[in-house]
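# Coordinate inspection notes
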Amino acid sequence: MQKLLIVESPSKAKTIGNYLGKEYQVLASYGHIRNLLPKSQGINTDTFEMNYEISPRNKKHIDAISNAVKKSDEILLATDPDREGEAIAWHIAEVLTSKKLVGNKKVSRIIFGEITKSAITEALNNPREVAQPLVYAQQARQALDYLIGFNLSPLLWSKIRYGLSAGRVQSPALRLIVEREQEIEKFDSLEYWSIHLDALKNKSKFSSKLTILNDEKLKQFTITSAEQEKKIVGELLLKSSGKVNVSRVEKKQRVRNPTAPFTTSTLQQEAVRKLGFTTRSTMITAQQLYEGINIEEGTVGLITYMRTDSMSLSNEATNQIRKYLESNYTNEYFPQKTIGYKTKAKNAQEAHEAIRPTNIERTPQSIKKFLSDQQFKLYEIIWKRTLACQMSPAVFDAVSVDLEVGKGENVFRATGQTLKFAGFMSVYLEEEDDSKNNEDNESKLPPLEVGDILAVDKIMGIQHFTEPPPRFTEASLVKTLEEFGIGRPSTYASIITTLQERDYALLEKKRFMPTDVGKVVIEFLTEHFENYVDYDFTANLESQLDEIAADKKNSLVVLQEFWDVFISRIKEKSDLDRTKITQKEIGEDCPKCEKPLLSKLGKRGNFIACSGYPDCDFTKSSNGDLPQEPKVIAQDKASKKDILLLIGPYGPYLQLGLPNEGDKLKPKRVTIPPEVALADLDEVIAKQLISLPRDLGIHPETGQKIIANIGRFGPYVNHNGKFKSIPKTENIFEITHDFAVDLLKPLRKIGVNPDSKSSVEIYKSRFGFYIQMDSTKVNLSKDTDIDAISLEKALKLLIKKAEEEAKKKPAAKKKPAAKKKPAAKKKSAAKKKPATNKKP
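Bear in mind the structure is a predicted one, so any value in this text is a computation, not a measurement. (Residues numbered from 1 in each chain as written. Predicted model: local features only at pLDDT ≥ 70, side-chain atom pairs only at ≥ 80, totals over all residues. Heavy atoms only, no water.)

Time to look at a negative patch on the surface. A cluster of like negative charges, contributed by E585, E588, D589 and E594, occupies part of the molecular surface. Along the chain, the position of E594 falls in the loop between β20 (583-589) and β21 (596-602). We classify E594 as exposed; its relative accessible area is 64%. (Patch = residues over 30% accessible without salt bridge, like charges linked within 9 Å, V, L, I, M, F, W, Y side chains within 5 Å. Areas by Shrake-Rupley, 256 points an atom, 1.4 Å probe, with all protein chains shown as cover. Salt bridge = Lys/Arg side-chain N within 4 Å of Asp/Glu carboxyl O. Lys, Arg positive; Asp, Glu negative; His and termini not counted. Charge placed at Lys NZ, Arg CZ, Asp CG, Glu CD. Helix = DSSP H or I, 4+ residues; strand = E, 2+ residues; numbered from the N terminus. Buried < 20%, exposed > 50% of the residue type's maximum accessible area, 1.4 Å probe, protein only.)

Written out as structure tokens, the structure reads:
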């Protein structure tokens, strides 16, 4: 009996194929096989019927599956164990049924949370039907995103700028970033002081902090000036007479419990904080570990499914962990009973286990040689955190001591602790985001008893200023989105990437800053579409999708309620005046004509212009006046020349020195990328920019250099005439040689031109796919199946393109023949009349 098992990815198919016998054929659908029709054709908004078409790129894979179905007796749909996977399984079944290939053949759905032989066997023994409520939930989510995207985005194009987009989750995420920036801009820093006393016990010195002053509890803003601090310190020195009395000693044990195993969200946060990954690279690497890595025992799935909200572990997993602990640790390192965890996240879906190794016996070091650097680092933190979650708490000896000055009306407090038992901390300790003080830091106090009289070493004040809330990192943004219940953790990586690719936000020093475009978009949406960027509204929609998945709510009712309000708002706002959205008065008059100045949105962000334009042409950057003359930013040590800021036709740029008369070479110039605000252009950034291009090393295949540089269209890498844009999520000064090699890889190598021996390859740019051979490129249409292009067809397209480009080039002009020097007597010869045009 022949059975066909269908999964989503080819690497997953390969891993599973190793576990199954000859009666099974394993094929991949390569993700979603059908898309909604474009524009208004995708959804009938009267009935909410969804109209699909098979993706051109997946047609070949569907044909392969269809042919295999004809030869099979049973079909097993083994796509991912979540809503998206359930929907893909449903689509495959629908397409096969519409082709009349199923007939009486048995079609079953199977799921597994890890790709191991035991998990696959368990799934095969427990087949079920496709869960229709999960499909409805996925379709409702897809419909909502489609309706918002295809109706709100065009409004943004017409009112702000072409190419912008709005999204159900993307826009509230941007709002968080913009509102945090507004908090920072409005923040007024306040001064305050703390008073500290250093005391001596024998020769051991320790520090304490004033908590009670003149019988009143000290608050943050009790002391707000240097004058107050000076007066209080003087009074305390007089009252102490060089001595303090120990009035209280409290000793106790403090326990710190292990952290729960990883969910999708916490894995992303920890990989960003601890490993310096992006959320996107975290999910790509986790997928590789899940789908299978070739190690000594064959291709094996190393971790469980990486899209999960669950913190729970199976009994089989906890038993395996405890067995490992018993073999490698003494009894005090693990409790008598297993530790259970429950998620606290809003709108959590706990259908799966937490992310864990499929076998705890596979230690990171034992498989390191089979993993890439990124794979090893991610597997290591997953392995360590999983092991630690079933270990004993860490124990600290904590001491708190009060020191009296005067008659007890002034009290200083000192605290200290030492780690008594490491427990789980011997394996793993979680990183913290924006933490100023780590409560687990060790600080020892000397042995003290009530009544001890100690010598005062010094009493002094320390000045502080309140700080604005920090900008979001990728980790803290993910955490906040999850706390609000906005979107699903599995989509956070793509949302963060979209915000950067759309120029809505920049990741500066690993923290998000909204661009001027991002600010204008959010201002427009909060004023005119407040519900659709409201955190509670978005979280409520997510809850309704959960209810649809649980078969407690009708998806059509949810869509109808949303659409009726949304489309009326779109129609209502279609006549808004664009100028009122993209330009605003700033409350200043033009220095040239005294008319009001406006802040306008331009290609490089906001700029200030006169409302009297075109009669008055006054402009300046919103980041500060643009220099009319070269402005010195820094000095280059190597050349000892000034790094100058100038303005050209394409915007600001840096130049190394001014040209001298007679110089053959022009001074070095570097374009300032749009993400660098002129207000932030300091000596460090200027030196980095002028040092470009960066030599990233030699390409392993060609032996030629890889160069990173910035051009008119942004940062790029260049190798052997091939240019690839550096994604906006990456920093040109931080990208590595390996990253550049990976970026330069073609999507597909078609072959080699038999005449020139040049490689013919397919690449992807932000505008779509293209074929390249040497410097000739041919763009491909969206509908092209890139896997089906043959070498013969590719060469025809390339030759045709080369011929077209040759025709466009002007013919080379012949050099005029050298004129003979006329004789002296012919100097005044009359000029000849021009010859009349004659046909050749």
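With that settled, consider helix α7 (residues 226-240). An ideal rise of 1.5 Å per residue puts 21 Å on 15 residues; α7 measures up with 21 Å between its terminal C-alpha atoms. Inspection of α7 places E229, I232, V233, L236 and S240 among the buried residues, and these make up the whole buried set. Taken around the axis of α7, the buried residues stretch over an arc of 100 degrees, which confines them to a single face. Exposed and oriented more than 90 degrees from the buried face of α7 are E227, K230, K231 and L238. Where α7 is buried, its residues contact β9 (191-201), β10 (204-213), β12 (243-256), β15 (394-405), β16 (410-421) and β17 (453-465). Where α7 ends, the next residue or the one after it, S241, has phi of about 50 degrees, a positive value. (Expected span 1.5 Å × (residues − 1). Arc of directions from axis to C-beta. Contact = heavy atoms within 4.5 Å.)

Let us now look at the pairing of β10. Bridge count between β9 and β10: six bridges; the pairing is antiparallel. Across the sheet, residue L200 finds its bridge partner in β10, namely K205. Across three bridges, the pairing between β10 and β16 is antiparallel. When the sheet's bridge partners are listed, K209 is paired in β16 with R413. Hairpin connection from β10 to strand β11 (residues 216-217): two residues lie between these consecutive antiparallel strands, with N214 at a positive phi of about 55 degrees. (Pairing = 2+ DSSP bridges.)

Further remarks concern the pattern of salt bridges. Enumeration according to the criterion identifies 43 salt bridges in this entry. Residue E86 pairs with R109 through a salt bridge whose shortest N-O separation is 3.0 Å. One end of the pair, E86, is in helix α3 (residues 83-98); the other, R109, is in strand β8 (residues 106-109), with 23 residues separating them in the sequence. Taken as a pair, E86 and R109 share a single burial class, namely buried. Residues R273 and E430 are paired through a salt bridge, measuring 4.0 Å at the closest nitrogen-oxygen approach. One end of the pair, R273, is in helix α8 (residues 264-275); the other, E430, is in the loop between β16 and β17, and 157 residues separate them in sequence.

These results come straight from atomic positions and should not be treated as a statement about function.
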